[in-house]
Amino acid sequence: MKLLIPGPVELDSEVLLAMAKPLMGHRTPDFEEILVECWRLLREVYQTRNDVAIITGSGTSAMEAAVASVIKEGDEVISITGGKFGERMGEIAQAFGAKVRRVDVEWGNTFALEDVERAVAESNAVAITLTHNETSTGVVHDAKAIGKLAREYDLLFIVDGITSVGGDDVKTDKWGIDLCITGSQKCLAAPPGLGFVAVSERAWEAIENNPRKRAYYLDLAKYRKSLAKNTTPFTPSVTLIYGLYAALKKIEEETLEARIKRHRTLAKATREAAKAMNLELFAAQRCASNTVTAIKIPSGLTDDDVRGALKREHGILVAGGQAQLKGKIFRIGHMGNVSFSDLVQVLAALELVLKKAGHELKPGEGVAAAEQVFASQK
Ligand SMILES: *Cc1c(COP(=O)(O)O)cnc(C)c1O
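So, how was this worked out
- Residues numbered from 1 in each chain as written.
- Predicted model: local features only at pLDDT ≥ 70, side-chain atom pairs only at ≥ 80, totals over all residues.
- Heavy atoms only, no water.
- Domains from an automatic or database assignment.
- Contact = heavy atoms within 4.5 Å.
- Buried area = accessible area lost by both parts, 1.4 Å probe.
- Salt bridge = Lys/Arg side-chain N within 4 Å of Asp/Glu carboxyl O.
- Polar contact = N/O pair within 3.5 Å; in protein donor to acceptor, adjacent residues only side chain to side chain.
- Helix = DSSP H or I, 4+ residues; strand = E, 2+ residues; numbered from the N terminus.
- Phe/Tyr/Trp six-rings, centres within 6.5 Å; stacked < 30°, edge-to-face > 60°.
- Buried < 20%, exposed > 50% of the residue type's maximum accessible area, 1.4 Å probe, protein only.
- Lys NZ or Arg CZ within 6 Å of the ring centre and 35° of its normal.

Size of an interface, as often reported, equals the accessible area lost when the parts are brought together. Domain parsing of the protein chain yields domain 1 (11–254) and domain 2 (256–375). The distance between the C-alpha centroids of domain 1 and domain 2 comes to 28 Å. Taken together, the contacts link 29 residues of domain 1 with 27 residues of domain 2. Buried surface at the junction of domain 1 and domain 2, summed over both partners, amounts to about 2300 Å²; 54% is from carbon and sulfur atoms. Counting the surface domain 1 buries against domain 2, the share from its top three residues, Trp107, Asp168 and Glu254, is 25%. Linking domain 1 with domain 2 are three salt bridges, by the criterion used here. Measuring nitrogen to oxygen at the nearest pair gives 2.7 Å for the salt bridge that ties Arg264 to Asp168. Here domain 1 is connected to domain 2 by 14 residue pairs in polar contact (both at pLDDT 80 or more). Where the side of domain 1 that touches domain 2 is concerned, the elements lending two or more residues are helix 2 (29–46), helix 4 (84–95), strand 7 (139–140) and helix 9 (238–254).

Right, dumping it as structure tokens:
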């Protein structure tokens, strides 16, 4: 099955092979060397000088670690929503006793800065959360603007960068992100099962000074103590770290700059192809994601006509809509290692299944539009 979903993504053969290596003791100099390299490479991808905690667990465990480590019961937290993952962050804060004030954003669109500013000004919040790239709607939000606001009001800025770090431009330090979360199986093109949090000095202070922390395994203070000794607080998944290291080396080889550009070109090509196929994009143009594209299922067609047929007839997996978008949209993930030829395959197959289901389009025009985008890149 060919995966064009927003994670897990297909892995490079070098990454797969790296995970076939025999295990090492996790407290040995040989393993320490690999971890130290992973940290160095992660800081590059994150564009940060901050420490990065490596957690064995999916992306959500890193979200939980970030929130649980800085939040005390009764703290006010501003949570910008606008999709399933934005909501998840608010739910986690709530689970740890925060009073969550949501800034609701229409799904498929981005926030109005004045709405966020009003919520911040009217509250006694200690933190603000943002999903940088909302995977469920295919929207990228302006994290830089919220970072500025967070500084002005002295809030901790917690960002879910799970589908942006390593695929889109995430300036952790420049934008003032205090806790920047990502996961292994999305833009980093590593195996699922690892979560990461880049933690600023301000956030470390908040963590050290949190007397009523409700976390143990996910207490980031423990990760900091271990980081100082080049190790992890608990047994890491040695195998996944091998995979991560190989994946991060591939990113270094490609360069972050080229990787971001590739993702942007893929996104643009997908959008242009969709329009040429007489399809409607779900996300507003000004905030369309660079790593995943949400497309409306044309009226009269079902999810099975599109996604089911792609899977059955072409062996291609794309993602469906989540929550209220179930059956209304499908999402093409073009993150990680996706190449021009991968994208063209899905676009060509999409033309065939749409045509067969009675959607009006001229076969070839979607692919041609994508080609045009690639041809115009320098
Ligand atoms: C995938 C995803 C998550 C959840 O990650 P898991 O690894 O499934 O726990 C959270 N936020 C965003 C934006 C995601 O895309």
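Further remarks concern the packing of aromatic side chains. Across all of its chains, the model carries four aromatic pairs by this definition. An angle of 40 degrees between the planes, with centres 6.4 Å apart, marks the rings of Tyr216 and Phe234 as tilted. One end of the pair, Tyr216, is in the loop between helix 7 (201–208) and helix 8 (220–227); the other, Phe234, is in the loop between helix 8 and helix 9, and 18 residues separate them in sequence. Residue class for Tyr216 comes out exposed when judged on its relative accessible area of 60%. Taken together, the ring pairs in this structure connect Tyr216, Tyr217, Tyr223 and Phe234 into an aromatic cluster. Here Lys21 stacks its cationic end above the ring of Tyr242, 4.2 Å away from the centre of that ring. Between Lys186 and the ring centre of Phe85, over which it is positioned, the NZ or CZ distance is 5.5 Å.

On to the environment of Arg214, then. Summarising the element assignment, Arg214 is placed in the loop between helix 7 and helix 8. On a C-alpha basis, the gap between Arg214 and Ser289 in space is 34 Å, while along the polypeptide they are 75 residues apart. Separated by 3.0 Å, the side chains of Arg214 and Glu73 make a polar contact.

This structure, assessed with the given rule, holds 28 salt bridges. The residue Arg262 makes a salt bridge to Glu254 at a minimum N-O spacing of 2.7 Å. One salt bridge in this structure joins Asp303 and Arg307, with 2.9 Å as the shortest N-O distance. A residue pair is termed a helical-turn pair when its members lie 3 or 4 positions apart in one helix, as Asp303 and Arg307 do in helix 11 (residues 303–314) at four residues. The class of Asp303 is partly exposed, set by a relative accessible area of 21%. For Arg307, a relative accessible area of 25% puts it in the partly exposed group. Overlapping salt bridges, with partners in common, bring together Asp12, Glu14, Lys250 and Glu253 in one network.

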